[in-house]
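Architecture at a glance
Chain by chain, the residues run as shown.
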Amino acid sequence: MKKIFLLLISVLLLTGCGKVNKDKLVKEFVDKVEKSDSYLLKGNMSIYNSEDIYNYDLEVKYKKDNLFYVKMLNTNNDHEQIILRDKDSVYVVTPSLNKSYKFVSEWPFNSSQSYILNSLVKDINNDKDYKFYSYDDEYVIETIVNYPNNNYLKYQKLFFDKNKNLKEIIVYDNNDIESIKVEISSIDYNSDINDNDFNIDNILEDNCCNVIEENTSNNLEDVYYPLYMPANTYLQSKDVVNTENGERYILTFSGDKNFVLIEEASNVYSEFEMIPVYGDLVLMSGGIGALANNSLSWSSNRVDYYLTSNDLSPEEAINVAESLNTTVFFEK
């Protein structure tokens, strides 16, 4: 009887500790982020697309008044992009192309963002039924996620080490398969970040070229065909248009879901180009895309893509786009 009593006491104590750990861990993490005037996060991000994995070196800067700076370097091809939110606009800068998109966007507040601490806190606060797991050497918080343009992404897990430091975030799809993984190497919650880090002119001066020799002949060596195709939809035609910068391929798909896919070699501009976009930015395996009401544009591996359709949902358009990153090359 005495042993049974002691066992019950031990179970109660362990249960109580678990509850305290949960409340304390969540409160400490939320307070750290919400009370931080500025933070600097470094790590790497992996995006899974079918059998392929796209790896990025990651640097995130935040300063109060909703200033955000995210630098992503694709370690597979050294393709770098910078996302900036200043007080007025959102920008996506592609230094290698001497080009930037300027968005009218609510990013990063309109969707879950696995690499931004403020977004993780928002997901925790919005999920009143979030789950908590306690292990010997780590703690895990599980929340639902909000990706309006990708309903396949369902939940995420935040992994903390035994010292309650956030070390990893994994986003899972509706089949419990990892889709996005962010591994954190360091977080400085009191980083001395300068306002100039969020100045678009300074970023362009530091990262983009002033003069680059333009390509006089800029043709694709191959044409890309999507591996994902909506049901009862087929390639109807393939046309080539000669432009001042080279050849442009126009692929027309017809059937239940009509859409047009345009491909051309990326042009490196002699002077920096700012392109206004009336849409939103989306994280794709090959980089950042610009999503509007009936179109999606992006650049990957020195190819510019533009997809337009009145029939495809945003999610279907992204699926078509993502399948181009895993397709094989076909001869012209």
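Remarks on the packing of aromatic side chains
- Counted under the stated rule, the structure contains 11 aromatic pairs.
- Here the aromatic rings of F68 and W107 are separated by 6.2 Å at their centres, their planes lie at 75 degrees, and the arrangement is edge-to-face. With a gap of 39 residues between them, F68 in strand β3 (residues 67-74) and W107 in the loop between β6 (99-103) and α2 (117-126) connect regions that are remote in the sequence.
- Look at W107 and you get buried, because its relative accessible area is 0%.
- With centroids separated by 6.0 Å and ring planes inclined at 70 degrees, the aromatic side chains of F68 and F109 adopt a geometry described as edge-to-face. Of this pair, F68 sits in strand β3 while F109 sits in the loop between β6 and α2, and the two are 41 residues apart along the sequence.
- Three or more aromatic residues joined by ring pairs form one cluster here, namely Y39, Y62, F68, W107 and F109.
- The cationic tip of K61 hangs over the ring face of Y69; the distance from NZ or CZ to the ring centre is 5.0 Å.
- The positively charged end of K157 is found above the aromatic ring belonging to Y133, 5.8 Å away from the centroid.

Examining the sheet that holds strand β19 (residues 295-300)
- Judged by pairing direction, the sheet is antiparallel, and its seven strands sit side by side in the order β13-β14-β15-β20-β19-β18-β17 without closing on themselves. Taken across any chain shown, the strands that pair with only one partner, and hence form the sheet edges, are β13 (233-243) and β17 (280-284). Each strand of the sheet is rotated relative to its neighbour by a mean of 20 degrees, with strand direction disregarded.
- Both β19 and strand β20 (residues 303-308) contribute to a ladder of six bridges, which runs antiparallel. Looking at β20, one finds that L296 is bridged to L307.
- Helix α4 (residues 314-324) rests against β15 (259-265), β17, β18 (287-291), β19 and β20 of the sheet, and its axis sits at about 20 degrees to β19.

A few points about the pairing of β20
- Both β15 and β20 contribute to a ladder of six bridges, which runs antiparallel. Bridging across to β20, A265 finds its partner in V303.
- Adjacent in sequence and paired antiparallel, β19 and β20 are bridged by two residues, among which N301 carries a positive phi angle near 55 degrees.

What counts as what
Residues numbered from 1 in each chain as written. Predicted model: local features only at pLDDT ≥ 70, side-chain atom pairs only at ≥ 80, totals over all residues. Heavy atoms only, no water. Phe/Tyr/Trp six-rings, centres within 6.5 Å; stacked < 30°, edge-to-face > 60°. Helix = DSSP H or I, 4+ residues; strand = E, 2+ residues; numbered from the N terminus. Buried < 20%, exposed > 50% of the residue type's maximum accessible area, 1.4 Å probe, protein only. Lys NZ or Arg CZ within 6 Å of the ring centre and 35° of its normal. Pairing = 2+ DSSP bridges. Axes fitted to C-alpha atoms, helices over the stretch in contact; angles between N-to-C directions. Contact = heavy atoms within 4.5 Å.

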